[in-house]
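If you want the building blocks of each chain, they are given just below.
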Amino acid sequence: MKINKHVTDVEHILTESDSIVSNTNLKGVITYVNDAFIRISGYSREELIGASHNIVRHPDMPPEAFADLWKSIQSGRPWTGIVKNRCKNGDYYWVLANATPIYENDQLVGYMSVRSKPESEQVKSADAAYRLFREGKAGKLKIKDGKVVKPSILKQLEFSDLTIKSRLVAIIGLLSILLLVIGGIGLLGMSKAKEGLRTVYEDRTLPISQIASIQKLLLTNRLNIIAGLNTPTPEAILKNTAEVEQNIEQITRLWDAYMTTQLTNEEKILADQFAVNRTNFVADGLKPAIAALRTNDITLASKVVADKINSLYPPVEESIQQLMQLQLDVAKQAFGTTQSRHETIRNISIGLIAAGIALVLWLGWVLIRVIIHPLEASIAHFGQIAQGNYNNVIDIERQNEIGKVMEAIKSMQTKLGFDVAETQRVADESLRVKIALDNVSTGVMIADNDGKIIYVNKSVCDLLSKAEQGIRKDLPDFSADQLIGSKIDAFHKNPAHQAQLLGSLTGTYTASMELGGRSMLVTASPVINDQGQRLGSVAEWQDRTAEVAVEKEVSTIVVAAIMGDFSKRFDLRGKEGFLRELGEGLNQLLSTSETGLNEVVRVLGALARGDLTETITNDYQGTFGQLKDSSNTTVERLKDIIHQIKDATGCINTGANEITSGNNDLAHRTEEQATSLEQTAASMEELTSSVQHNTENAKQANQLAIGAAEIAGQGGVVVGQVVATMKDIKGSSQKIEEIISVIDDIAFQTNILAFNAAVQAAHAGMHGQGFAVVASEVRHLAQRAAASAEQIKNLIGDSVEKIDNGSKLADQAGYTMGEILNAIRGVSGMMSEITAASVEQSAGIEQVNLAIIQMDNVTQQNAALVEQAAAAAESLEEQAQNLVATVSGFKIDGGSSRLSTIHVVEDAAMVLPALHTTHHHRHREHKEHLIWDSTRTGGNAIHSLEHIAAAKTQLLAVANGDWEEF
C-alpha cells in the first residue's frame, strides 16, 4: 500500500460543476483521466496515465475504506463513499466517489470512478469516522459499501439480505398452509352440512312431502265422496269413486315409502297410530261409501258419510298433523344442531381468516418496505438521471434483487455521467468546429465515402451562387441552393474520373478548374479518423477569376509605387463592380499620395531648415487632409508652444504635485468603498438565493394545495353519490314494506273470508261439510301467510331503520366533505397569495442585487481611473522639469532660423509596457519617463513632435484599455 506522506493543511474545495473522472484496469492502473482530474490533482496527464490510482491517496484515509472499495467492485457491485484525496503539492480535497465496474461483451475489463463535490455534513461525518479507524478506536464500526455502519442483532433479525424470491416463497407457503387449514375446516363443515341436509331432505323433507301428499289425498277423497253425493249422476259417481280408489292406492304407496325412512321412536308410535286410524277410515268409511254410491244408494252413502266418515276422519287428520308437526320439530332440531356447528366453524374460520389477514397485512407491509419503497427510490433515481443529475447518492441497503437493481442503477448513473461528460466535450468541440467552418471566408464542402455532399458552408454557397448562371450552361440542373445531397463529382466533365480520384485520395490534392467561365481553385483532402477509417472527403473552394486578371496589373503598379513612382495608373477599361471600385480607389490613392507627399516633402524640408513659415495650401480629404491640417497646425502650434512652454513649466510643476497628492487620497478612499460594495453584493447574492428558494417552495406548496382541493372535490362527489344511493335504497325498502303490508292485508282478508265460509258451511249442514273442509284449509294457509308476512315485515322494518341510519351518516359525511373542501380551497387561495408575494419579493431583491453589482463595477472602474490619473500626474511632474530645454533649438522670428540642438522624444511605445504593468498599483515604484535625447542633432523636429503626440494618444488608449480590462 502506497502512503503519500507529503501533505499540507490546505484544502481545495470543489465547485458544483466539477466532475472528476478516471478509468483503471483490473489492477488499479490509470488508463484515462479527464481535464478536471488533471486540474484539481495538479499532476500532468503523462504522470497519471500508467500510474497506480493510489498516487492520489491521502494518508488520512483508513485502509478499511479501500479494502471495502475493492471488495465491492471486484464482486461486480458499485461503490459510493466519501474519499479524501491528495494533490501533487500536498494539498487535499474531499470527493463523493462513485466507482463501478466496466464490462465489455459481458467481461469485466476495468473500473470507472466519477467524483463530485460532497456535502459539508458528509465530509464532517466521514472525517470523524475515519479518525476513529486510524486511531484504533472504531470498536464495532465497519465500513460497508462506502458507509460507516455498526452491526446490531436487530439488523440481523430483519433478514435484510433475504431475497424477494425467498420472501415470496415464504409468504406463499404460509398462505397455502393457512388456506389448507381454512379449506379443511370448511370442507369438514360442508361435509357435516351435507350430511345434515341429506338427513333433513331424506328423513324430514321427503316425509313431510309424503305426509302432505297423504293429507291432501285424504282431503281429496272426502271431497270426491261429497261431490258424488252432490252430483249423483252415474258418470260423476263413477269418476269420483274411481279417483277415491286411486287415491287410496297412492296413499298406500306413499305410506310404504314413508315407512322406509329413518323413524324416531316417537315417530314410529305416531305412524302406527295413523296406520290404524287410516285402516278404520278406509275400511269402515270410504269403501262402504263407494259401494253405496256405485249402487246409487244416496241415502246409505249419506248416512255412511255422516256416521262413519265424519267421525273416523278427525283421528286420521289429527294423527297426520302430529306426524307433520313431528317432522317440523325434528327438522328444527337438526337445523339447530347444524346452526351450532356452523357458528363453531364460522368462529374458527373468522379467527383463522383474521389471523391470515393480519399475517397478509404484515407480510404486505414487509413486501412494500422491501419492494415498493426501493422501487420508488429507483424511480426517483431514474428521474434524477433523466434530469441530467449524475451525482445523485444511491444507497444500497440490501443484497436482494432490488439491491441488484440499485447496483445496476448506480453503475448506469456512473457510466452515463462519464458518457455525458465525454459526449458534451466532443459535442462542444464539434460545434466549435462547425461554427468556425460556417463563418470562415474559404468555401468548404464535405462529402461522404459515396461522394454525396453532406455539408457546405456559407462561403461556398455564395461563391457558387454567383457562378450559378454560368455553371448552368454546362450543367442545366445545377442549383446552388440544393448542393447538400448531390454528388461532389457532378462539377467535373468526367464524373467517374473525379469519383475515382476522390476515392483513392490519400493526401491533399489541389487543382484549378474552369467552372461556369470562372477560375476555381479546389483543394481536396481525405477525412480519416483516429482508427484509420476513411469517413469522406473535404474540398476547399476559391474563386480566383478576378485575382488572375488583376494580379499582373496590380503587381506592376505596386512595384512602381515601391520604387517611389506614383505616376502609374490602374486601367479601368472593362472593369466593373469591385474591380472598378478598386481601380478607381487605387488611382485616386496614387494621385493623392503623389500630390500630398510632394506637399509634405516641401513643408518638412522647410521645417528641417528651421523655417516655420511654410504651410500646405492644397485641399485634401481623409488622412491627407488630416496630414495637411496637422502639418499646418503643427507649424502654428510650434510657434505658440515655444513661447508658452517656458512660462507654463512652473505652473505645471506645482499643479502636478497637488494633483498627485489628491489622487493618492482619492484612490485610497475609492478602494475602501469598492471593498464595502463587494461585501454588500455578496450578502445580497445570498439573500437573493434564499428568497428564490422560498419562492420555489411556495410554488410547490401551492401546487400541492390545488391537488388536495381537486382530490377533496372528487371525494365530495363520491360521498354525494353514496348519499343518493342510500336514499334510493331507503325508498326501495319502504316500497317493499308497503308491499308486505298489502300481503298482510290480503292474508287477513283471506282469513276473514275463510271464517265466513266456515260459518256458511255450518249453516248449510250436511251439504256444506265439504266446503267447510276447504274453508278450514284456506284459513290455515292464510294464517301461515300472515305469519310469514309479519316476519318479513319485521326484517324489512329493521333494514329500513338501519338504512335510515346509514343515510344520515352519509349525509353527515357529505356535509363534512363539503367543509373539508371549503377549508382546502381557502388554504389553496392563501398559498396562491403567498406564492405571488414570494415571486414579487424575489424580483425586487434581484433588482436591488443588480443595482449593487452595477455600483460595485462603477466603483472599481473609478478606482482604476484614479490610479491612472495619479500615474499621469507623476509623469507630468517629471516631464515639466525637462521642457525648458526644448525651446532653445527653434527660432520663430522672421529672420533666418538656425536649429542648434533639438531634443527629441524617443518612441513613446517604449514607455507603454511600464504604464500597462503598473497602472493597478497605488504606489508607483516605476514612473513613466519620456526620454529626451540631447545628443541627437540635425534631426527632424516635426518627426519628434509627431512622436510626442503619438505617445499621448497611446497613453490615453492604454488608460481606456485598462478601464475596460478592469
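Our subject is the structure listed above.
Remember, it's a predicted structure, so these values are computed and weren't measured experimentally.

Participant: Would you mind going over the overall build of the chain with me for this structure?
Facilitator: Scanning the chain from terminus to terminus reveals 19 helices and 14 strands. The 966 residues of the chain split such that 35% are buried. In the chain, the share of contacts with a sequence separation of at least 24, taken over all contacts with a separation of at least 6, comes to 64%. When the accessible surface of the chain is summed, it comes to about 56200 Å², and 57% of that surface belongs to carbon and sulfur atoms.

Participant: Before we go on, may I ask you to explain the sheet that holds strand 1 (residues 20-24) in this structure?
Facilitator: Within a sheet, adjacent strands bond to each other through the backbone by hydrogen bonds, running parallel or antiparallel. The strand order across the open sheet formed by five strands is 2-1-5-4-3, and the pairing between neighbours is antiparallel. Each edge of the sheet is formed by a strand with only one pairing partner; in this case those strands are strand 2 (30-33) and strand 3 (79-86). Within this sheet the neighbouring strands show an average axis-to-axis angle of 30 degrees, counted without direction. Of the pairings in the sheet, the one linking strand 1 to strand 5 (residues 107-116) comprises five bridges and is antiparallel in character. Across the sheet, residue Ile20 finds its bridge partner in strand 5, namely Arg115. Seen against the sheet, helix 3 (residues 63-74) touches strand 3, strand 4 (92-104) and strand 5 and runs at an angle of roughly 135 degrees to strand 3.

Participant: Would you mind showing me how to read the nonpolar core here?
Facilitator: It is characteristic of soluble globular proteins that their nonpolar side chains tend to be buried jointly. Among the nonpolar cores identified, the biggest contains 37 residues, and Ile214, Leu218, Ile225, Phe274 and Leu323 are the most heavily contacted of them. Looking at this core, the elements that each hand over two or more residues are helix 6 (164-230), helix 7 (234-259), helix 8 (265-294) and helix 9 (298-386). With eleven residues, helix 9 is the single largest residue contributor to this core. Setting aside residues no more than four positions away along its own chain, Leu323 makes contact with Ile211, Trp255, Tyr258, Glu267, Leu270, Ala271 and Phe274.

Participant: Looking at this structure, I do not really get a nonpolar patch on the surface. What am I missing?
Facilitator: Nonpolar side chains collect at one region of the surface, where Val558, Val559, Ile562 and Met563 lie side by side and expose about 430 Å² of accessible area between them. Owing to a relative accessible area of 40%, Val558 belongs among the partly exposed residues under this scheme.

Participant: Sorry if this is basic, but what is going on with the pattern of salt bridges here?
Facilitator: Side chains carrying opposite charge are able to pair once their charged atoms draw close together. Enumeration according to the criterion identifies eight salt bridges in this entry. For Lys117, the salt bridge is made with Glu16, and the minimal N-O distance between the two is 3.6 Å. Of this pair, Lys117 sits in the loop between strand 5 and helix 4 (120-134) while Glu16 sits in the segment before strand 1, placing them 101 residues apart in sequence. Using a relative accessible area of 63% as the deciding quantity, one classes Glu16 as exposed.

Participant: I keep staring at helix 7 and nothing clicks. Help me out?
Facilitator: Each α-helix turn comprises 3.6 residues. Residues three or four places apart therefore point the same way. In a regular helix each residue adds 1.5 Å, so 26 residues correspond to 38 Å; helix 7 covers 37 Å between its end C-alpha atoms and thus fits that length. Here helix 7 has its buried residues at Ala236, Ile237, Asn240, Thr241, Val244, Asn247, Ile248, Ile251, Leu254, Trp255 and Tyr258.

Participant: Where do I start with the sheet that holds strand 11 (residues 518-528) in this structure?
Facilitator: Ordered by their spatial adjacency, five strands build an open sheet running 9-8-12-11-10, and the pairing between neighbours is antiparallel. One side of each edge strand has no neighbouring strand; the edge strands of this open sheet are strand 9 (453-456) and strand 10 (509-515). Averaged over all pairs of adjacent strands, the angle between strand axes in this sheet comes to 25 degrees, irrespective of strand direction. Bridge count for strand 11 against strand 12 (residues 534-543) is nine bridges, and the pairing is antiparallel. When the bridges of strand 12 are listed, Thr523 appears paired with Glu540.

Participant: Where do I start with the side chain of Thr100 in this structure?
Facilitator: Looking at the element boundaries, Thr100 is found in strand 4. Discounting chain neighbours no more than four positions away, the residues touching Thr100 are Pro78, Gly110, Tyr111, Met112, Ser411 and Thr414.

Here is what the cut-offs are and how they apply
- Residues numbered from 1 in each chain as written.
- Predicted model: local features only at pLDDT ≥ 70, side-chain atom pairs only at ≥ 80, totals over all residues.
- Heavy atoms only, no water.
- Helix = DSSP H or I, 4+ residues; strand = E, 2+ residues; numbered from the N terminus.
- Buried < 20%, exposed > 50% of the residue type's maximum accessible area, 1.4 Å probe, protein only.
- Contact = heavy atoms within 4.5 Å.
- Areas by Shrake-Rupley, 256 points an atom, 1.4 Å probe, with all protein chains shown as cover.
- Pairing = 2+ DSSP bridges.
- Axes fitted to C-alpha atoms, helices over the stretch in contact; angles between N-to-C directions.
- Core = buried A, V, L, I, M, F, W, Y, C linked by side-chain atoms within 4.5 Å.
- Patch = residues over 30% accessible without salt bridge, like charges linked within 9 Å, V, L, I, M, F, W, Y side chains within 5 Å.
- Salt bridge = Lys/Arg side-chain N within 4 Å of Asp/Glu carboxyl O.
- Expected span 1.5 Å × (residues − 1).

What is shown is where atoms sit, not what they do.
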